[in-house]
Amino acid sequence: MEKKQFQAESKRLLDMMIHSIYSQKEIFLRELISNASDAIDKIYYKALTDESLQFDKDSYYIKIVADKDNRTLKISDTGIGMTKEDLEHNLGTIAKSGSLAFKNENELKDGYDIIGQFGVGFYSAFMVADVVTVISKALGSDEAYKWESTGADGYTIESYEKDSVGTEIILKLKENTEDDNYDEYVDEYRLKSIIKKYSDFIRYPIKMDVTGRKLKEGSDNEFEEYREEQTINSMVPIWRKNKKELTSEDYEKFYAEKHYGFDKPSKHIHISVDGAVRYNAILFIPEKIPFDYYTKEYEKGLELYSNGVLIMNKCADLLPDYFSFVKGMVDSEDLSLNISREMLQHDRQLKLIAKNIKSKIKNQLQSLLKEEREKYEEFYNAFGRQLKFGVYSDFGSNKDVLQDLLMFYSSKEKKLVTLEEYVSRMPEDQKYIYYASGESYERIEKLPQTELVLEKGFEILYFTDDIDEFAIKMLMAYKEKEFRSVSSGDLGIAEDGTEQNTDAQQDEYKDLFAYMKDMLADKVKDVRISKRLKTHPVCLSTEGEVTIEMEKILKSMPNNQNVQADKVLEINPNHEVFQSLKDAFANDKEKLALYTSLLYNQALLIEGLPIQDPVEFTNDICKIMV
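So, how was this worked out
- Residues numbered from 1 in each chain as written.
- Predicted model: local features only at pLDDT ≥ 70, side-chain atom pairs only at ≥ 80, totals over all residues.
- Heavy atoms only, no water.
- Pairing = 2+ DSSP bridges.
- Helix = DSSP H or I, 4+ residues; strand = E, 2+ residues; numbered from the N terminus.
- Axes fitted to C-alpha atoms, helices over the stretch in contact; angles between N-to-C directions.
- Salt bridge = Lys/Arg side-chain N within 4 Å of Asp/Glu carboxyl O.
- Phe/Tyr/Trp six-rings, centres within 6.5 Å; stacked < 30°, edge-to-face > 60°.
- Buried < 20%, exposed > 50% of the residue type's maximum accessible area, 1.4 Å probe, protein only.
- Lys NZ or Arg CZ within 6 Å of the ring centre and 35° of its normal.

**Some details on the sheet that holds strand β12 (residues 302–306)**
(1) Moving on: Taken together, the five strands give an open sheet; going across it, the order is β10-β11-β14-β12-β13, and neighbouring strands pair in mixed fashion. On the outer flanks of this sheet lie β10 (265–274) and β13 (309–315), each paired with one strand and no other. In this sheet, adjacent strand axes meet at a mean angle of 15° when their direction is disregarded.
(2) Moving on: Summarising the sheet, β12 and β13 pair through four bridges and their orientation is antiparallel. In the strand pairing of β13, L302 is matched with C315.

**A short note on the pattern of salt bridges**
Opposite charge on two side chains allows them to pair when their charged atoms are near.
(1) Moving on: According to the stated counting rule, one finds 45 salt bridges in the structure shown.
(2) Moving on: Measuring nitrogen to oxygen at the nearest pair gives 2.9 Å for the salt bridge that ties K300 to D321. Taken as a pair, K300 in the loop between β11 (278–286) and β12 and D321 in the loop between β13 and β14 (327–332) lie far apart in primary sequence, 21 residues in all.
(3) Moving on: Notably, a salt bridge pairs E543 with K525, separated by 3.4 Å at the nearest N-O pair. Here K525 lies in the loop between α15 (510–519) and β21 (526–529) and E543 lies in strand β22 (residues 538–543), a separation of 18 residues in the sequence.

**Some thoughts on the packing of aromatic side chains**
Two descriptors summarise a pair of aromatic rings, namely the distance from one centre to the other and the angle between the planes of the rings.
(1) Moving on: Per the stated rule, a full pass over the model turns up 37 aromatic pairs.
(2) Moving on: Plain terms: the ring middles of Y293 and Y294 are 4.8 Å apart, the flat faces sit at 75° to each other, and that makes the pair edge-to-face.
(3) Moving on: Accessibility expressed as a relative area gives 42% for Y294, which makes it partly exposed.
(4) Moving on: Look at Y434 and F458: their rings are 5.9 Å apart centre to centre, the planes differ by 5°, and that puts the pair in the stacked class. With a gap of 24 residues between them, Y434 in strand β17 (residues 433–437) and F458 in the loop between α12 (451–455) and β18 (460–463) connect regions that are remote in the sequence.
(5) Moving on: A relative accessible area of 0% places Y434 in the buried class.
(6) Moving on: Above the plane of the ring of Y61 lies K207, whose end atom (NZ or CZ) is 4.4 Å from the centre.
(7) Moving on: Here the guanidinium or amino end of R484 rests over the ring plane of Y432, the centre of that ring lying 3.9 Å away.

Pasting the structure below:
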């Protein structure tokens, strides 16, 4: 038996890898299974050029054997095996990968690829094992060898007896500690769970003896346990199958099996790209919103596979935030992975995939909107808020991507409409896209500020979501049509003779309005004759960028920014109230103060704003009644 030392730098790398490179100890099984798959792949590739080799896929498999009594776990394969030199080169020098060398020496085509490339995956075994033993017999060799190591101290190599070609890796598990239960890695259910999670789509069978229960022969109620060999992994992933052979039920089953959600997907997107970067993806647009979607606990991201092996549960870089509701997976052979295959290098390939996925999702949503309107509206009711937030965030940089996906309730259609639909039916004399904000459609319909716009026959979009106005302010315009609140100081509506008359009235009663403004102190920026009111006596309008709804939302936030909208109290000159104001101004200033306070508080109530002194308001009402 020959005792050898790891190279000094390899010893340091081994120690670092065991303690820090891998984020979860269970990863070791993924790495060893991937290496076993590589070993079988190598025979497959040799068979392509060596006529003396016959590759019968049914003869190649990976076997997992757990021995609870001796606390050992064995991973064996029927792959190409290793010579003594291979054991020294591939296992004696950390980060020396036989798979990478093989890949470089052979042009790998025909849809197969070598998974392992870095040569450190094998050493993840030392995270869970005190002793690692490798017994291997290489293809074409009469001799077998045993490699054994207890970690950084070094390793031994000796001749050994093995009948068949292939490799066995035997792990003697570490003793349990308060923090780690290593016995779980000889537990049948746990092993099956890890295999299904990370290695379900390895293309060779992963076999394991599992325990079952059956009725005892001749008994109606007595059961007995039995052991049978089962293939644990699915082998052929759905994303590598021909789309034409798959049904909606197949995709729904995959959605449920991967626990993407408890609902059924509203739509799926199956992508196969073989260009500058090769990848397959299956994406799902959920039907219902996850219960934690708008919480800090929600994690966006797609499952990421490298050649069928799970690398990341949630790869956030593959999805923009505004499409964070999308579920699914991506499998690529071309991604640059780091030394432990757990983390991605932020490279060009990843960005290309993310860009393509973003485009595919947008196209699918546009198709859903065009072809299945009812289904899109269901989706939008669940996730429209996220799209609007996407318009608002990042200083509006994504507005061009998202604006055609937005929908708002229409005063004319009495249903959700797109901005394209709104603009397409605007009259020639309509200058702006009008909107009104409030807590509900019913409350908005009763707003006094909508009267003039509706009288002109113009459509109004109803904003009931707290993000709506902020998103529209960032959007600014759609197809060169600016957005304008019905509460805005300038509605851009051409004046007729009646409206021009209000300017004369404003000038005529400027002293009255100045007096009222003085009484309201700094509560309003101005008091003036209204051009928008038709039947209501009073309303509030705003000047500047901050509207009343925006003020309410900003004030409700934890870090109260105390932002104030510049409010204007508007009086309807055609309402009986105006005559009462004129009379009070001429004859009874005390009554004018009472009327002014009442009208201002009424305007606040219409807007859903709090009254500063409710008791004073109710006393003022009583004074009118006496």
